[in-house]
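# Observations on the model geometry
One-letter residues, chain by chain:
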Amino acid sequence: MLVLLAAAAYEAAVALEWISMGSKSGDEATGQAAFTSAAFLALLIGIVATVVSRRILRRWPATLVPVAAAAYMVAHYYAFDSYYLPSLRRFSEPGGVSSIWVYGVVVAAVIVALAIRRRQSVAPILTPILLLVCAGTVVAEGFGH
């Protein structure tokens, strides 16, 4: 969860232009590859861990994993696509994913977190699905750009 929150904070910093993008097409912001790799590794570990170990789900921070994944997805949605450098074009600008989908996933993440808090037995089913949807959405945000 902390890795996803850190990746979300990083993407938000890029979106707010606190971290600058490169100057040529394909250049990335400093640390982009590391944060993206860490976020996807955290999503993969989250999927596997929630399926394999129910003990992980008994701790209250585990209920926040779906929300952290959605936060990363939204922050990435508003970050810039390095393909279009030097112009700053966000993934949210006409592309492969609509804002309705992104915010629908956010609502689903909150519902999943509340469902897990109320009944932990749904976590091994709902959490991996939501994490997979968040990961797929981040990938799809680059389609059509």
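Residues numbered from 1 in each chain as written. Predicted model: local features only at pLDDT ≥ 70, side-chain atom pairs only at ≥ 80, totals over all residues. Heavy atoms only, no water.

### Notes on the overall build of the protein chain
Scanning the protein chain from N- to C-terminus turns up five helices and zero strands. From first element to last, N terminus to C terminus, the protein chain shows the α and β order α-α-α-α-α. Considered along the principal axes of its C-alpha atoms, the protein chain spans approximately 50 × 30 × 20 Å. The buried share of the protein chain, reckoned over its 145 residues, is 40%. Within the protein chain, residue pairs in contact and separated by at least 24 positions form 75% of the contacts whose partners lie at least 6 positions apart. Approximately 7900 Å² of the protein chain is accessible, and the part contributed by carbon and sulfur atoms is 68%. Both charge centroids of the protein chain, one from 10 positive and one from 7 negative side chains, sit 24 Å from each other. (Helix = DSSP H or I, 4+ residues; strand = E, 2+ residues; numbered from the N terminus. Buried < 20%, exposed > 50% of the residue type's maximum accessible area, 1.4 Å probe, protein only. Contact = heavy atoms within 4.5 Å. Areas by Shrake-Rupley, 256 points an atom, 1.4 Å probe, with all protein chains shown as cover. Lys, Arg positive; Asp, Glu negative; His and termini not counted. Charge placed at Lys NZ, Arg CZ, Asp CG, Glu CD.)

### Notes on the packing of aromatic side chains
On inspection of all chains with the given rule, the structure shows four aromatic pairs. Here F40 and Y72 contribute two aromatic rings whose centre-to-centre distance is 6.5 Å and whose plane-to-plane angle is 90 degrees, an arrangement assigned as edge-to-face. Of this pair, F40 sits in helix α2 (residues 32–52) while Y72 sits in helix α3 (residues 65–78), placing them 32 residues apart in sequence. For Y72, a relative accessible area of 1% gives the class buried. (Phe/Tyr/Trp six-rings, centres within 6.5 Å; stacked < 30°, edge-to-face > 60°.)

### Let's talk about the side chain of E11
Tracing the sequence through the fold places E11 in helix α1 (residues 2–15). It is R90 that comes nearest to the buried, bridge-free E11 among opposite-charge side chains, at 9.1 Å. Beyond its immediate chain neighbours, meaning those up to four positions away, E11 contacts Q32, T36, Y72, A75, H76 and A79. (Salt bridge = Lys/Arg side-chain N within 4 Å of Asp/Glu carboxyl O.)

### Focus on the confidence of the model for the protein chain
The predicted model of the protein chain has a mean per-residue pLDDT of 88, with 92% of residues at 70 or higher. Averaged pLDDT values over the elements of the protein chain bottom out at 89 in α2 and peak at 95 in α3. (pLDDT = per-residue confidence, 0-100.)

### Points about the nonpolar core
Core analysis: the largest hydrophobic core is formed by 25 residues, its most contacted members being L4, L43, A69, Y72, M73, V102 and C134. Counting residues per element, the ones that place at least two in this core are α1, α2, α3, α4 (99–118) and α5 (123–140). Among the elements that take part in this core, α3 stands out by supplying nine residues, more than any other. Sequence-distant contacts of Y72, defined by excluding residues within four places in its chain, comprise L4, A7, A8, E11, T36, A39, F40 and V138. (Core = buried A, V, L, I, M, F, W, Y, C linked by side-chain atoms within 4.5 Å.)

### Side note on α1
Here α1 spans 20 Å end to end across 14 residues, near enough to the 20 Å set by a 1.5 Å rise per residue. Listing the buried residues of α1 in full gives L4, A7, A8, Y10, E11, A13, V14 and A15. On its buried side, α1 packs onto α2 and α3. (Expected span 1.5 Å × (residues − 1).)

### A short note on the layout of surface pockets
Estimates place the volume of the second largest pocket at around 220 Å³. What lines the second largest pocket is a set of 17 residues, among which E28, Q32, T36, H76 and F91 lie closest to the centre. Mapped onto the lining of the second largest pocket, the elements with two or more residues apiece are α2 and α5. With three residues, the top contributor of residues to the lining of the second largest pocket is α2. (1 Å grid on protein atoms, 1.4 Å probe; cavity = no way out; pocket = protein on both sides within 12 Å on 5 of 7 lines; lining within 4 Å. Points joined across faces, edges and corners; volume = space filled by probe spheres on them.)

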